[in-house]
Amino acid sequence: DGGITQSPKYLFRKEGQNVTLSCEQNLNHDAMYWYRQDPGQGLRLIYYSQIVNDFQKGDIAEGYSVSREKKESFPLTVTSAQKNPTAFYLCASSIGGTSTDTQYFGPGTRLTVL
Amino acid sequence: AQKITQTQPGMFVQEKEAVTLDCTYDTSDQSYGLFWYKQPSSGEMIFLIYQGSYDEQNATEGRYSLNFQKARKSANLVISASQLGDSAMYFCAMREGVGDDKIIFGKGTRLHILP
């Protein structure tokens with residue numbers, strides 16, 4: 001089945017630790033995205049990548065890092081520099097570069113900092 | 001200024017009734033796209049419907065339709081014959097311009113369908 005997978009579903013981290021969230025897609029999409037969602041809020045863009053080996057900062061990139069070494073994969077690292085990392089993280093992908101481009105989302109990872 | 005405004009934080013609707021979720025947007029681009037997503041309690045964002053700024057007809061997908069009023073910069077989602085499974089958060093979103101893959105989300109409306 002084609003789709004987007006995120007792992008793990010739930011993640012617990014101690015303060016001061018880096019943690020990496022996985023996002024994989026088999027839709028052959030060029031573009032991938034990471035969003036953060038806080039309770040009762042909409043989605044805010046962290047990073048996005050329109051092509052392999054290239055990515056851009058979104059609105060709230062501070063304290064996060066990404067890589068895009070393969071078309072299928074776009075992992076997000078939440079670093080210790082992120083002051084308030086407890087949130088729901090959603091990964092999305094899209095064909096990219098078309099006027100009707102639609103983003104499709106994975107099931108999300110809920111990160112809790114203890 | 002907010003690009004996407006959803007003025008209804010929460011709504012309660014009786015099952016089988018139609019419901020309209022409001023969305024207004026702000027852009028100076030001539031070419032843009034509007035989206036609606038549904039987020040059930042599981043958290044996954046489900047794409048519902050898309051409307052392009054140059055589309056003359058309102059978009060429809062099954063029980064979902066988008067009431068697009070370009071001059072008013074309004075893109076309301078209409079759900080006909082609501083079902084209990086429609087209870088969820090609904091987000092309106094916009095992509096501006098051509099070639100920019102980013103989209104901007106509103107803060108959402110929580111819809112409760114009552115039996």
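Calculation notes
- Every chain is numbered on its own, with residues counted from 1 as its sequence reads.
- Starting at A for chains and at 1 for ligands, labels are handed out in the order in which the entities are written.
- Reporting of local features is limited, given that this is a predicted model, to residues whose pLDDT is at least 70; pairs of side-chain atoms are given and counted only at 80 or more, and all residues count toward the totals for whole chains, interfaces and linings.
- With hydrogens and water set aside, each side-chain value is computed from the structure's full complement of heavy atoms.
- Each helix corresponds to a stretch of at least 4 residues labelled H or I by DSSP, and each strand to a stretch of at least 2 residues labelled E; elements are numbered beginning at the N terminus.
- Between the two quantities, the radius of gyration covers C-alpha atoms and the globule rule is 2.2 Å times the number of residues to the power 0.38.
- Each residue gets one of three labels from its accessible area relative to the maximum for its type: buried under 20%, exposed over 50%, partly exposed in between, using a 1.4 Å probe on protein chains only.
- Two residues qualify as a contact provided that any one of their heavy atoms is within 4.5 Å of a heavy atom in the partner residue.
- Accessible areas in this description were obtained via Shrake-Rupley with a 1.4 Å probe; residue shielding takes into account the shown protein chains only.
- Charge assignment in this entry is limited to Lys and Arg as positive and Asp and Glu as negative, and neither His nor the chain termini are counted.
- To locate a charge, take NZ of a lysine, CZ of an arginine, CG of an aspartate or CD of a glutamate.
- Salt bridges are defined by distance alone: a side-chain nitrogen of Lys or Arg within 4 Å of a carboxyl oxygen of Asp or Glu.
- Computed with a 1.4 Å rolling probe, the buried area is the accessible surface lost when two parts are put together, summed over both parts.
- Pairing between two strands requires that DSSP report at least two bridges joining them.
- Between N-to-C directions, angles cover 0 to 180 degrees, with each direction set by a line fitted to C-alpha atoms, over the stretch in contact for helices.

Colleague: It is not clear to me how the overall build of chain B should be interpreted in this structure. Could you clarify?
Modeller: Tallying secondary structure elements over chain B gives zero helices and 12 strands in all. Whereas a compact globule of 115 residues would reach a radius of gyration of roughly 13 Å, chain B reaches 14 Å, a difference of no more than 12%. For chain B, the spread of C-alpha atoms along the three principal axes comes to 40 × 25 × 20 Å. In chain B, which comprises 115 residues, the proportion classed as buried is 49%. The long-range share in chain B, meaning contacts at least 24 apart out of those at least 6 apart in sequence, stands at 54%.

Colleague: Any chance you could explain the overall build of chain A here in plain terms?
Modeller: A tally of regular secondary structure across chain A gives zero helices and 11 strands. For chain A, the α and β elements follow one another from N to C terminus as β-β-β-β-β-β-β-β-β-β-β. On the principal axes, the C-alpha backbone points of chain A span a range of 40 × 25 × 25 Å. Partitioning the contacts of chain A with sequence separation of at least 6, the portion at a separation of at least 24 is 53%. Of the roughly 5,500 Å² of accessible surface on chain A, 48% is carried by carbon and sulfur atoms. In chain A, which carries 11 positive and 11 negative side-chain charges, the distance between the mean positions of the two groups comes to 8 Å.

Colleague: I'm lost on the pattern of salt bridges in this one. Help?
Modeller: If charged atoms from side chains of opposite charge come close, those side chains can pair. Residues and elements named next belong to chain B. All told, the structure shown has five salt bridges over all chains when counted by the stated rule. Between Lys 3 and Glu 96 there is a salt bridge whose closest N-O contact spans 3.2 Å. On the criterion of sequence distance, the pair formed by Lys 3 in the segment before strand S1 (4-5) and Glu 96 in strand S10 (residues 88-96) is long-range, its members being 93 residues apart. For Lys 3, a relative accessible area of 32% translates into the label partly exposed.

Colleague: Teacher, can you tell me more about the interface of chain A and chain B here?
Modeller: How big an interface is tends to be reported as the loss of accessible area on association of its parts. Taken together, the contacts link 26 residues of chain A with 18 residues of chain B. Across the chain A/chain B interface, buried area totals approximately 1,800 Å², and carbon plus sulfur atoms make up 51% of it. Along the contact surface separating chain A from chain B lie zero salt bridges. Going through the elements one at a time, strand S4 (31-37), strand S5 (43-51), strand S9 (87-94) and strand S10 (104-105) of chain A are the ones with two or more residues in the side of chain A that touches chain B.

Colleague: Is there a simple way to explain the side chain of Gln 37 of chain A in this structure?
Modeller: Among the structural elements, Gln 37 of chain A can be located in strand S4. Aside from chain neighbours lying at most four places away, what touches Gln 37 of chain A is Gly 42, Leu 43, Ala 87, Phe 88 and Leu 90 of chain A together with Gln 39 and Phe 91 of chain B.

Colleague: Can you walk me through unusual backbone geometry in this structure?
Modeller: Only a minority of non-glycine residues have a phi that is not negative, and only a minority of peptide bonds are not trans. Backbone torsion omega between Ser 7 of chain A and Pro 8 of chain A reads -10 degrees, so that peptide bond is classified as cis. Here Pro 8 of chain A lies in the loop between strand S1 (4-7) and strand S2 (10-13). Despite not being glycine, Ala 81 of chain B shows a phi value in the positive range, around 45 degrees. Turning to its location among the elements, Ala 81 of chain B is positioned in the loop between strand S9 (74-79) and S10.

Colleague: Please explain the sheet that holds strand S7 (residues 64-66) of chain A as it appears in this structure.
Modeller: As a general point, the strands of a sheet are linked pairwise by backbone hydrogen bonds and lie either parallel or antiparallel. All names here are of chain A. Sheet architecture is open: four strands sit in the order S1-S3-S8-S7, paired in antiparallel fashion. Looking at the sheet topology across the chains shown, the edges are occupied by S1 and S7. On average, adjacent strands in this sheet sit at an angle of 20 degrees to one another, irrespective of strand direction. Summarising the sheet, S1 and strand S3 (residues 19-25) pair through four bridges and their orientation is antiparallel.

Spatial relationships are all this shows, so hold off on functional conclusions.
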